[in-house]
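Spelled out, the chains give:
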Amino acid sequence: MNRAPTEIHFPEELPIAQHRGRIAELVADLGTDVVAAADVGPGMRVLDVWTGTGNAALPAAAVGADVVATDITPELLAVGERHARERGRQRRERIRKCD
């Protein structure tokens, strides 16, 4: 099972910032679980709204779905873009900033 690397960025002044590592551990497998539960497969079209770092979008693309992933936070999208490149993106995911 392919897992998307997970990074979560919070401004340092937020109390939750000190917990980013633990939060990342908790959500790392959720995207893969969601893709499996939804029975996403090759050729399906997936819209991932509030994608964050792409925890669901990247596993969906990995199983052959055509994915559009959106989020309002450019920093999270940048992490998702990097993860897509690291996984050898196959042009199955399109990551966009929008609100």
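Predicted, not measured: the structure shown is a model, and the values here were computed from it. (Residues numbered from 1 in each chain as written. Predicted model: local features only at pLDDT ≥ 70, side-chain atom pairs only at ≥ 80, totals over all residues. Heavy atoms only, no water.)

**Student:** Even after reading the chapter, I still don't get unusual backbone geometry, so can you show me in this structure?
**Tutor:** With the exception of glycine, the majority of residues adopt a negative phi angle, and the majority of peptide bonds are in the trans configuration. The phi angle at Asp 39 is positive, at roughly 55 degrees, despite the residue not being glycine. As for its placement among the helices and strands, Asp 39 is situated in the loop between α2 (30-37) and β1 (45-49). Of note, Trp 50 is a non-glycine position whose phi angle comes to about 65 degrees, a positive value. Inspection of the secondary structure puts Trp 50 in the loop between β1 and α3 (57-62). (Helix = DSSP H or I, 4+ residues; strand = E, 2+ residues; numbered from the N terminus.)

**Student:** I'm lost on α2 in this one. Help?
**Tutor:** Side chains three or four residues apart in an α-helix point the same way, a direct result of the helix having 3.6 residues per turn. Taken residue by residue, α2 has Gly 31, Thr 32 and Val 35 as its buried positions. Seen along its axis, α2 keeps its buried residues to an arc of 100 degrees; they face one direction. For α2, the exposed residues set more than 90 degrees away from the buried face come down to Ala 36 and Ala 37. Just beyond α2, the residue with positive phi is Asp 39, at close to 55 degrees. (Buried < 20%, exposed > 50% of the residue type's maximum accessible area, 1.4 Å probe, protein only. Arc of directions from axis to C-beta.)

**Student:** What should I look at first to understand the environment of Thr 32 in this one?
**Tutor:** Of note, Thr 32 is situated in helix α2. On the basis of relative accessible area, Thr 32 is assigned to the buried category, the value being 9%. Once the C-alpha coordinates of Thr 32 and Ala 60 are considered, the two residues, 28 residues apart in sequence, prove to be 7.7 Å apart.

**Student:** Got a minute to help me understand the nonpolar core in this structure?
**Tutor:** A general feature of soluble globular proteins is that nonpolar side chains tend to end up buried together. Of all hydrophobic cores here, the largest spans eight residues; its members are Val 35, Val 40, Ala 57, Ala 60, Ala 61, Ala 65, Val 67 and Ala 69. With three residues, the top contributor of residues to this core is α3. Once residues within four sequence positions are removed from consideration, Ala 57 is found in contact with Asp 48, Thr 51, Val 67 and Ala 69. (Core = buried A, V, L, I, M, F, W, Y, C linked by side-chain atoms within 4.5 Å. Contact = heavy atoms within 4.5 Å.)

**Student:** What is the right way to read a nonpolar patch on the surface from this model?
**Tutor:** Taken together, the side chains of Leu 47, Val 49 and Trp 50 present a nonpolar region at the surface, about 410 Å² in accessible area. Of the residues examined, Trp 50 reaches a relative accessible area of 73% and is grouped as exposed. (Patch = residues over 30% accessible without salt bridge, like charges linked within 9 Å, V, L, I, M, F, W, Y side chains within 5 Å. Areas by Shrake-Rupley, 256 points an atom, 1.4 Å probe, with all protein chains shown as cover. Salt bridge = Lys/Arg side-chain N within 4 Å of Asp/Glu carboxyl O.)

**Student:** Help me out: how do you make sense of the pattern of salt bridges in this one?
**Tutor:** Pairing is possible between side chains that carry opposite charge, provided their charged atoms lie close to one another. Summed over all chains, the structure comprises one salt bridge. In this structure, Glu 86 and Arg 82 form a salt bridge, with 3.2 Å as the shortest nitrogen-oxygen distance. Note that Glu 86 and Arg 82 are positioned in helix α4 (residues 74-86) at a spacing of four residues, about one turn of the helix. Under the relative-accessibility criterion, Glu 86 is labelled exposed at 52%. Using a relative accessible area of 29% as the deciding quantity, one classes Arg 82 as partly exposed.

**Student:** What is the right way to read the confidence of the model for the protein chain from this model?
**Tutor:** Any residue range with low pLDDT should be treated as having predicted coordinates unsuitable for detailed reading. Residue-level pLDDT values for the protein chain average 79, and 71% of them are 70 or greater. Per-residue pLDDT stays below 50 along residues 1-5; that stretch engages in 13 contacts with residues further than four places along the chain or on separate chains. (pLDDT = per-residue confidence, 0-100.)

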